[in-house]
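Listed below, chain by chain, are the residues.
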Amino acid sequence: MSRRRSAGLALLLLASAAAHAQGDSGPVYRCPGNPESYTNMLTPQQAKDRGCRTIEGSPITIVQTRRPTPAAPASGARPADSRVDPAEQRARDSDARRILQDELQREELRLAELRKEYKDGQPERRGDERNYQKYLDRTASLKAQIERKEEDVAAIRRELSKVSP
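Structure report, in brief. (Residues numbered from 1 in each chain as written. Predicted model: local features only at pLDDT ≥ 70, side-chain atom pairs only at ≥ 80, totals over all residues. Heavy atoms only, no water.)

A word on the pattern of salt bridges. Evaluated as defined, the whole model comprises 11 salt bridges. The salt bridge involving aspartate 95 is made with arginine 98; its shortest N-O contact spans 3.7 Å. Of this pair, aspartate 95 and arginine 98 both sit in helix 3 (residues 86-118), 3 residues apart, roughly one helical turn. Residue class for aspartate 95 comes out partly exposed when judged on its relative accessible area of 39%. For arginine 98, a relative accessible area of 43% puts it in the partly exposed group. We note a salt bridge from glutamate 159 to lysine 162, for which the minimum N-O separation is 3.5 Å. Linking glutamate 159 with lysine 162, this pair stays in helix 4 (residues 132-162), spanning 3 residues, or about one helical turn. Judged by its relative accessible area of 62%, lysine 162 falls in the exposed class. Members of the salt-bridge network, linked through shared partners, are Glu117, Arg126, Glu129 and Arg138. (Salt bridge = Lys/Arg side-chain N within 4 Å of Asp/Glu carboxyl O. Helix = DSSP H or I, 4+ residues; strand = E, 2+ residues; numbered from the N terminus. Buried < 20%, exposed > 50% of the residue type's maximum accessible area, 1.4 Å probe, protein only.)

With that settled, the discussion passes to the state of the cysteines. For the coordinates displayed, the defined rule picks out 1 disulfide. A disulfide bridge connects cysteine 31 with cysteine 52, and the sulfur atoms are separated by 2.0 Å. In this structure, the disulfide formed by cysteine 31 and cysteine 52 twists by about 105° around the S-S bond and is classed as right-handed. Residue cysteine 31 is found in strand 1 (residues 28-31), and its partner cysteine 52 is found in the loop between helix 2 (44-50) and strand 3 (53-55); the two are separated by 21 residues along the sequence. (Disulfide = S-S within 2.5 Å.)

Listed below in C-alpha cells is the structure:
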C-alpha cells in the first residue's frame, strides 16, 4: 500500500509542478478513480460533477528529464539540403523514362488484347456460359477492365510527360 501512496504522491507532485510551470491556470483537482487522476483542465462545475477535490498547499517539485538525442541519419541518406549531381539526375531521369515507356508498352498491348476479346460489346460465348447471365457478367467485366486499362495508360502518359527527355 505504501507504493501506491508513493506513486500517488509522485503524481501529485508532477501535477503541481505542471500547474506551476504553466503559470496560474487554475486550481489542480484530484479526481477519484483507479488510478486517481490529477488535472487542472476542469472547470469548477465539472470537478464538482466528477467528485474531484482541490489540491492546495502542496510543495511544488519540478522534475527535469533528459532530452532524447536526435537519431543519426540512416546510412547512405543524404542531408535534405544537399543537391544531386546533374549527370546523376539525368541518368535517373533516363532510367525513369525507360521504365515508364516499357510499362506503357505492356499496358497498351494488354489493352489491345482486351479490346480484341471484347469485340465492341459482342464477345464470343464460351462453352461454360450456357447461362446467359454468365455471358453478360463476363462482358461487363471485360468492359470494366478496358476502362481501367485506358485510365492506366492515360496515367502513364501523364507521368511520361513529367519526366524530362
